[in-house]
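# Tertiary structure, described
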Amino acid sequence: MAAAAQDFAGLGGAIDVHAHYITPSYREALTAAGHTRPDGMPAIPEWSPESALALMDETGVATAMLSVSSPGVSLGDAAAAATLARAVNEEGAAVVREHPRRFGLLASLPLPDVPAALAELGHALDVLGADGVILLTNYDGVYLGDSRFAPLMAELHRRETVVLLHPTSPVCGERTALGFPRPMVEFLFDSTRAVAELALRHVLERCPGIRFVVPHAGAALPVMADRIAVFAQMSGTGVDVLAALRALHYDVAGAALPRALPALLSLVDPDRLVYGSDYPFTPAPVVKDLAAALAATGVLDAAGKHLVTSGNARSLFPRLTRLTG
């Protein structure tokens, strides 16, 4: 049934900006590269369009913007990364073609190979009609604010691309994760590190056309923003860190309530927030609980909830409005 014709309960027809997909070919590639426990997680979760749609209907999600999660498509071989990026993007686009109102695509790029990433960006946006891209916070320990990625950032800016940032394990993650899955703690610090560098190295200033979405309720940024701003001032960077952070978008995937979302709202207004489930790496029962908490929270009024669940995302992804009216 088309999303526009459904009576969505729960979140009332939300747009899920942080949702992942795992195709059989991607699962095979992860397994072949030794990533059967990606980022220390217990296993590669199961996913299918049918299971995703069933959960979306139950939680009140109209459309999910699909992306490939960490560790992404760069699994140790540059040529293989380009091939895998093309494969998962083509497979994701096929899911969108089959369910154009229910799914969108945030394409993967084979970084750190910038020329290959630029080629795949053009194919994804111009041929496949992707709604944006997903970028990991670091590639082989090189963060997105590094000058090596400047040509890609310039092109993303020129195209006014929506970019979902997604954390991945830092190079020292196995040592610092305390024996737990890296998404528990390390992912939040890697997102914070990546965004801080983008601001401090003037990438956000030079490339305002990129519409970045920061995951997991801003990670540690809401409580570290003032500290980063003070150090930026002391270091003479000339960067207005708080203004740079307020110009970004943030998803509320993960355990945003009861503490993270109020902290994030001390940094940005509700018009910068979008919904995210992080399914299937966040299991369906947890997704349901978190969606129910967001629907019931008093932290946002009715207008704010509408902005967070769908209004802001429709501004980021106008294709969805054209489809549903």
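In case you missed it, the structure is sitting above this.
Below: a short report on this structure. (Residues numbered from 1 in each chain as written. Predicted model: local features only at pLDDT ≥ 70, side-chain atom pairs only at ≥ 80, totals over all residues. Heavy atoms only, no water.)

The next point concerns the side chain of His216. Here His216 is to be found in the loop between strand 8 (211–214) and helix 9 (221–234). For His216, a relative accessible area of 13% corresponds to the buried category. Setting aside chain neighbours within four positions, we find His216 in contact with His18, Pro167, Leu188, Asp251, Ala253, Gly254 and Asp278. (Helix = DSSP H or I, 4+ residues; strand = E, 2+ residues; numbered from the N terminus. Buried < 20%, exposed > 50% of the residue type's maximum accessible area, 1.4 Å probe, protein only. Contact = heavy atoms within 4.5 Å.)

Taken as a whole and judged by the stated rule, the model has 2 aromatic pairs. Taking 6.1 Å as the distance between ring centres and 65° as the angle between the ring planes, the aromatic pair formed by Tyr21 and Trp47 counts as edge-to-face. Here the residue Tyr21 occupies a position in the loop between strand 1 (14–20) and helix 1 (24–32), and Trp47 occupies one in the loop between helix 1 and helix 2 (49–59), the gap between them amounting to 26 residues. Take Tyr21 and Trp47: they sit in the same class, and that class is buried. Taking the centre distance of 6.1 Å and the plane angle of 75° together, the rings of Tyr139 and Phe149 count as edge-to-face. Residue Tyr139 is found in strand 5 (residues 138–139), and its partner Phe149 is found in the loop between strand 6 (142–143) and helix 5 (150–158); the two are separated by 10 residues along the sequence. Residue class for Tyr139 comes out buried when judged on its relative accessible area of 6%. (Phe/Tyr/Trp six-rings, centres within 6.5 Å; stacked < 30°, edge-to-face > 60°.)

Attention now goes to the environment of Val17. Within the fold, Val17 resides in strand 1. Between the C-alpha atom of Val17 and that of Ala78, which follows or precedes it by 61 residues, the distance is 28 Å.

Another aspect to go through is the pairing of strand 4 (residues 132–136). Counting buried residues along strand 4, 5 of its 5 residues qualify, which places the element largely inside the surrounding structure. Of the two faces of strand 4, the one carrying Gly132, Ile134 and Leu136 and the one carrying Val133 and Leu135 are both buried. Assessed by its sense of winding, the connection that carries the chain from strand 3 (residues 103–108) through helix 4 (residues 114–127) to strand 4 is right-handed. The pairing of strand 4 with strand 7 (residues 162–166) spans 4 bridges and is parallel. Looking at the pairing, Ile134 lines up with Leu164 of strand 7. (Right-handed = clockwise from strand over helix to strand, strands pointing away. Pairing = 2+ DSSP bridges.)

Within the secondary structure, Gly209 sits in the loop between helix 8 (203–206) and strand 8. Spatially, the C-alpha atoms of Gly209 and Arg159 are 7.4 Å apart, while their sequence positions differ by 50 residues. Among all residues touching Gly209, those that are not within four sequence positions of it are His157, Glu160 and Thr161.

Next up on the list: the nonpolar core. By size, the foremost hydrophobic cluster in this structure holds 87 residues, and its most contacted members are Leu135 and Tyr250. If you tally residues by element for this core, the top one is helix 3 (residues 78–98), at 6 residues. For Tyr250, the residues in contact, after removing those within four places along its chain, are Val213, Val214, Gly218, Leu221, Leu245, Leu264, Leu267, Val268, Arg272, Leu273 and Val274. Counting residues in hydrophobic clusters, the runner-up holds 13 residues, among them Met65, Ile134, Val274 and Leu320. (Core = buried A, V, L, I, M, F, W, Y, C linked by side-chain atoms within 4.5 Å.)

Bringing the layout of surface pockets into the picture now. Of the volumes computed, that of the largest pocket is approximately 570 Å³. Around the largest pocket sit 30 residues that line it, and Pro183, Met184, His216, Gly254 and Asp278 are the ones nearest its centre. Elements represented by at least two residues in the lining of the largest pocket include exactly helix 7 (186–200), helix 9, helix 11 (260–265) and helix 12 (284–296). Taken together, the residues that form the lining of the largest pocket break down as 21 nonpolar, 7 polar and 2 charged. Of the pockets and cavities examined, the second largest pocket occupies roughly 480 Å³. Taken together, 23 residues make up the lining of the second largest pocket; nearest its centre are His35, Pro71, Ser74, Asp140 and Thr168. Those elements that place two or more of their residues in the lining of the second largest pocket are helix 3 and strand 5. Within the lining of the second largest pocket, the residues separate by chemical class into 11 nonpolar, 7 polar and 5 charged. (1 Å grid on protein atoms, 1.4 Å probe; cavity = no way out; pocket = protein on both sides within 12 Å on 5 of 7 lines; lining within 4 Å. Points joined across faces, edges and corners; volume = space filled by probe spheres on them. Nonpolar A, V, L, I, M, F, W, Y, C, P; charged D, E, K, R; others polar.)

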